[in-house]
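# An overview of the molecular structure
The residues making up each chain are set out below.
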Amino acid sequence: MEKLMEQNYELKGNCACGEVKYKITEKPLFTQACHCKDCKVLTGSSYVVNSSVLENSFFLIEGKISSAKLTAGSGKPCKVFFCNTCGVFVYADYDTAIGRLTVRTKTLEDSKMFPPQAHIFIKDKDPWLNLSENQNCFELMYDAEKTWPEESLKRYKEYLKIKK
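Quick look at the structure, then. Per chain, the residues get numbers from 1 upward, laid out in the order the sequence is written. In keeping with the model being predicted, local features are shown solely for residues with a pLDDT of at least 70 and side-chain atom pairs are shown and tallied solely at 80 or more, while totals for entire chains, interfaces and linings include all residues. In computing side-chain properties, one takes all heavy atoms of the structure into account and sets aside hydrogens as well as water.

### As for the layout of surface pockets
Its volume calculated, the largest pocket comes out at about 470 Å³. Site definitions follow a grid-based scheme: protein atoms alone, a 1 Å grid, a 1.4 Å probe that fits but cannot get out for cavities, and for pockets an open set with protein on both sides within 12 Å along at least five of seven lines, plus lining residues having an atom within 4 Å of a point. Lining the largest pocket we find 30 residues, and of these Gln32, Ala72, Tyr94, Thr96 and Met141 sit closest to its centre. Secondary structure elements follow DSSP: runs of H or I no shorter than four residues count as helices, runs of E no shorter than two count as strands, and numbering proceeds from the N terminus. Top contributing element to the lining of the largest pocket by residue count: helix H2 (residues 37–43), with 4 residues. Gly is placed with the polar residues, together with every amino acid not listed as nonpolar (Ala, Val, Leu, Ile, Met, Phe, Trp, Tyr, Cys and Pro) or charged (Asp, Glu, Lys and Arg). Residues belonging to the lining of the largest pocket are distributed by class as follows: 18 nonpolar, 9 polar and 3 charged. Grid points are joined across faces, edges and corners, and a volume is the space filled by probe spheres set on the points.

### Topic: the sheet that holds strand E7 (residues 77–83)
One requirement defines pairing of two strands: DSSP has to find at least two bridges between them. Sheet architecture is open: 7 strands sit in the order E6-E7-E8-E9-E4-E3-E10, paired in mixed fashion. The open sheet has two edge strands with one neighbour each: strand E6 (65–71) and strand E10 (118–120). The average angle at which neighbouring strand axes cross in this sheet is 30 degrees, direction not considered. Across 2 bridges, the pairing between strand E8 (residues 89–94) and strand E9 (residues 100–104) is antiparallel. As a rule, the C-alpha atoms of each element are fitted with a line to give its axis, helices using only the stretch in contact, and angles between N-to-C directions run from 0 to 180 degrees.

### Comments concerning the pattern of salt bridges
The salt bridge definition used is simple: a Lys or Arg side-chain nitrogen within 4 Å of an Asp or Glu carboxyl oxygen. Counted according to the given criterion, the structure contains 9 salt bridges. Between Asp124 and Lys123 there is a salt bridge; the shortest N-O distance is 3.2 Å. Classification of residues uses two cut-offs on accessible area relative to the type maximum, computed with a 1.4 Å probe and protein chains only: under 20% is buried, over 50% is exposed, and between them is partly exposed. For Lys123, a relative accessible area of 47% puts it in the partly exposed group. For Glu151, the salt bridge is made with Arg155, and the minimal N-O distance between the two is 2.6 Å. Of the two residues, Glu151 and Arg155 are both situated in helix H4 (residues 150–163); the distance of 4 residues between them amounts to about one turn of the helix. For Glu151, a relative accessible area of 37% puts it in the partly exposed group.

And the structure:
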């Protein structure tokens, strides 16, 4: 974790076939597991782990990527980006997440550094999945002001000021 506290560091990630490679130049703002029906269909799994990053810290460095416009679990539009060769969904741009991108955490080379800090849309969670009482669990979505670490909120708010 000390590596993440440094000002200049680089997180790398890629799709399954390795054609698409990207880097993130800042610590993710927040990591969450989403149990919504849409994420289940997109992944073919019980949930997906996503990390929110500032849009200016994400760089596609290699490969060809395609996109599709979808509707998120919230009912709002989002655009998903995936590898042209293997089809792995690498990141999304949610209309509701101004100035942020949502990276599929497990596409990061060192994804174990970012366990979920919250579970969302647990109203759709598989009944056999038992979530710990110690985790932040939300029927739908959470209020970032109450859930995100103070440091992340500060970075995000500062970025939005600069972006205007």
